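Okay, here's what each chain looks like letter by letter:
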Amino acid sequence: MGGKDKPDKKTMGGKDKDAKKDDKKTGPVSVVSLEPPSGTRDFLPWDMKQQTWLFNKFREVAALYGFQEYDAPVLEYEELYKRKSGEEITEQMYNFVDKEGAAVTLRPEMTPSLARMVLGLMRAETGEMSALLPLKWFSIPQCWRFETTQRGRKREHYQWNMDIVGVAGIAAEVELLSAICTFFESIGITSEDVGLKINSRKVLGAVLQKAGVPDDRFAETCVIIDKQDKIGAEAVRKELTEKIGLSEEVGKRITDATTAKTLAEFAELAGVGESPEVLELRKLFEMADEYGYGDWLQFDASVVRGLAYYTGVVFEGFDKKGVLRAICGGGRYDRLLTLYGSPKEVPCVGFGFGDCVVAELLKEKNVVPNLPSTVDYVVAAYNADMTGHALNVARRLRLAGFRVDVFPEPAKKVAKAFNYADRAGAVRVAFVAPGEWDQGLVRIKDLRNFGQDAPDDVKQKDVPLDDLANVDKYFGLTLDGKPYGQAASAPAAAAAGAPVAAPKAAAPKAAAAPKAAGGTPAAAGGKPAAAGKEEDFLAVHPYVGGFAVSHADAELFERLRKNGRPETPNVGRWFDHMESFSIAQRQSWK
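Quick caveat: nothing in here was measured; it's all calculated off a predicted structure.

A.B. asks: Go over the sheet that holds strand β2 (residues 75–77) with me, naming the residues and quoting the values.
C.D. replies: Taking strand neighbours across the sheet as the criterion, the three strands line up as β2-β4-β3 in an open arrangement whose pairing is antiparallel. The sheet terminates laterally at β2 and β3 (94–97), the two strands that pair on one side only. Geometrically, the sheet is characterised by an average inter-axis angle of 35° between neighbouring strands, direction not taken into account.

Here it is, written out as structure tokens:
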């Protein structure tokens, strides 16, 4: 989503390091590297466009679930993380002593910062919150860990966090897991692509207690078990014996139990039966089925999560093809606030989503969004004397809510202005020339919504200067091709990356058939519809609704694709064009 996994080593002169030696005879070369530090990224404008799109998806889903955004300093006291994040994360901190002698670190994760902030809302004498519970907060912080870089993992990354504070029951976990599924669906990922592995440290706690693990060694034991995928069962058993003091037999029973494929199998292997912990986890799966996303979940006894503060349900998102590392993860951490001085436990649960691995997931599943650079207008002055007037036109259009670029030189050669507008992705060009200006007019040409064969008086209008805010009415169309009056046009570019409608939570009702030009519903069943109204309408229009894509295009495409590509020429051409869009894009059309 920006940057390179293995950047070339370059200098300010644009040379590879090895090539510098050859330049010594020709003169000095700057040795400043053109690459960012190892494991970090630059975001060029086109990279930033996708990053912004992704962050908007995070924010849209959080808003759908009633969460509020918060933030905290990227610099924190290192003690905040040494308290109980887990041994591995404290070894990966970018920590140092600042000029005031304080031991600080770039935050490796956000949850301890959240705990600090929530604790600040607590009345010390009573332990009661000054804010109304539950708190439903989300953030997209940049986090720093000095670790080995690999695909989907860097030393800095942005992480989408959603946390619920103040709900003790598993309803909170069920809601967060639903939000994760909604996010995946919003970017074109299905339950065939990604799954969520679910386990509970409460269940594991019952197993470890029966095995003789002391309560004060539980968190440490979980961190060791979490390494099983990395170091293997034998190495885990060795650590359980050497560090925790368990017998080899007990260690083997624990590692064997974590290979169970179902909750029932795990409970039997571990010897805990239908304990309260098992029943709670079983209830989570039942609620997920009722919610409508049960097909995303599966029990996995090996999921423990490496952070020491987790106390209950834990979960991880995974790529079903096994190409990518864990996509997201989270769980319950009811005791974390007590580590920072809370007089009582405060129930908390949350998850984290790294931006790097999501970017890799989009590539892997071929659903990277198409996000071309666009503006609504390019304004071009006919000559240098008209430059000030062109800037005035640009200002008026911007005040009306349009996104406007100004062609940087006189446009006597109209072709140069058109070329610039095309590269800028402009929908319309405003030419500011003496002939029209003296009459109080601005000549505007639409570049996108009319065919090349359309007459000039259709796609080109002289618009009164004082009525530029209502320019759409002169064309009869909005910037995005909708009939004037049906929808606000400014700014049309907001449609690019517009919020995706909330995905279905349960079995959907049959979608209504889209209407063709005459208002007659298209025939259900695919190819028969292609021979009717759509074929005639699409002979003179690019889309089912006219000159812009709409939900009707998405609906018709989904019905036709079941029977294969239509054979008639106009609907066939339209069908091929629809296939070029991603699932996420088609879902976003209104």
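A.B. asks: I'd love a proper account of the sheet that holds strand β16 (residues 441–446), names of residues and values included.
C.D. replies: The pairing of strands in a sheet comes from backbone hydrogen bonds and takes either a parallel or an antiparallel form. Judged by pairing direction, the sheet is mixed, and its five strands sit side by side in the order β14-β13-β15-β16-β17 without closing on themselves. A strand with exactly one partner marks an edge of an open sheet, and here the two such strands are β14 (404–406) and β17 (460–464). Taken pair by pair, the neighbouring strands of this sheet meet at an average axis angle of 25°, ignoring direction. Two strands pair when backbone bridges link them, and β16 and β17 are joined in this way by five bridges, in the antiparallel orientation. Looking at the pairing, L441 lines up with P464 of β17. The strands touched by helix α15 (residues 387–399) within the sheet are β13 (375–381), β14, β15 (426–432) and β16, with β13 carrying the most contacts at an inclination of about 165°.

A.B. asks: Give me the packing of aromatic side chains: which residues, what numbers.
C.D. replies: Evaluated as defined, the whole model comprises 23 aromatic pairs. Joined through ring pairs, the aromatic side chains of F43, F55, F58, Y158, W160, F183, F184, W296, F351 and F353 make up one cluster. Over the aromatic face of F146 sits the side chain of R155, whose NZ or CZ is 3.9 Å from the ring centroid. A cation over a ring is seen here: K197 above F318, with NZ or CZ 4.8 Å from the ring centre.

A.B. asks: Got a sec to walk through the nonpolar core? Specific residues and values, please.
C.D. replies: Core analysis: the biggest nonpolar cluster contains 58 residues, and W160, M162, F183, F184, I198, L297 and F353 have the highest contact counts within it. In terms of residue count, helix α6 (residues 171–186) provides more of this core than any other element does, nine residues in total. Every residue in contact with L297, bar those within four places of it in the chain, is listed here: L177, L196, I198, L284, F285 and A288.

A.B. asks: Describe in detail the pairing of strand β12 (residues 348–354), supporting the description with residues and values.
C.D. replies: Regular strands show a simple pattern: their side chains alternate between the two faces of the sheet. Burial runs high along β12: seven of the seven residues are buried. Where burial is concerned, the two faces of β12 agree: the one with C348, G350, G352 and G354 and the one with V349, F351 and F353 are both buried. Of the strand pairs in this sheet, strand β7 (residues 156–165) and β12 are connected by seven bridges, and their pairing is antiparallel. Across the sheet, the residue bridging to V165 is C348, located in β12. Relative to β12, strand β11 (residues 328–332) runs antiparallel, the two sharing five bridges. Counted as the bridge partner of R332 is V349 from β12.

Parameters and conventions
Residues numbered from 1 in each chain as written. Predicted model: local features only at pLDDT ≥ 70, side-chain atom pairs only at ≥ 80, totals over all residues. Heavy atoms only, no water. Pairing = 2+ DSSP bridges. Helix = DSSP H or I, 4+ residues; strand = E, 2+ residues; numbered from the N terminus. Axes fitted to C-alpha atoms, helices over the stretch in contact; angles between N-to-C directions. Contact = heavy atoms within 4.5 Å. Phe/Tyr/Trp six-rings, centres within 6.5 Å; stacked < 30°, edge-to-face > 60°. Lys NZ or Arg CZ within 6 Å of the ring centre and 35° of its normal. Core = buried A, V, L, I, M, F, W, Y, C linked by side-chain atoms within 4.5 Å. Buried < 20%, exposed > 50% of the residue type's maximum accessible area, 1.4 Å probe, protein only.

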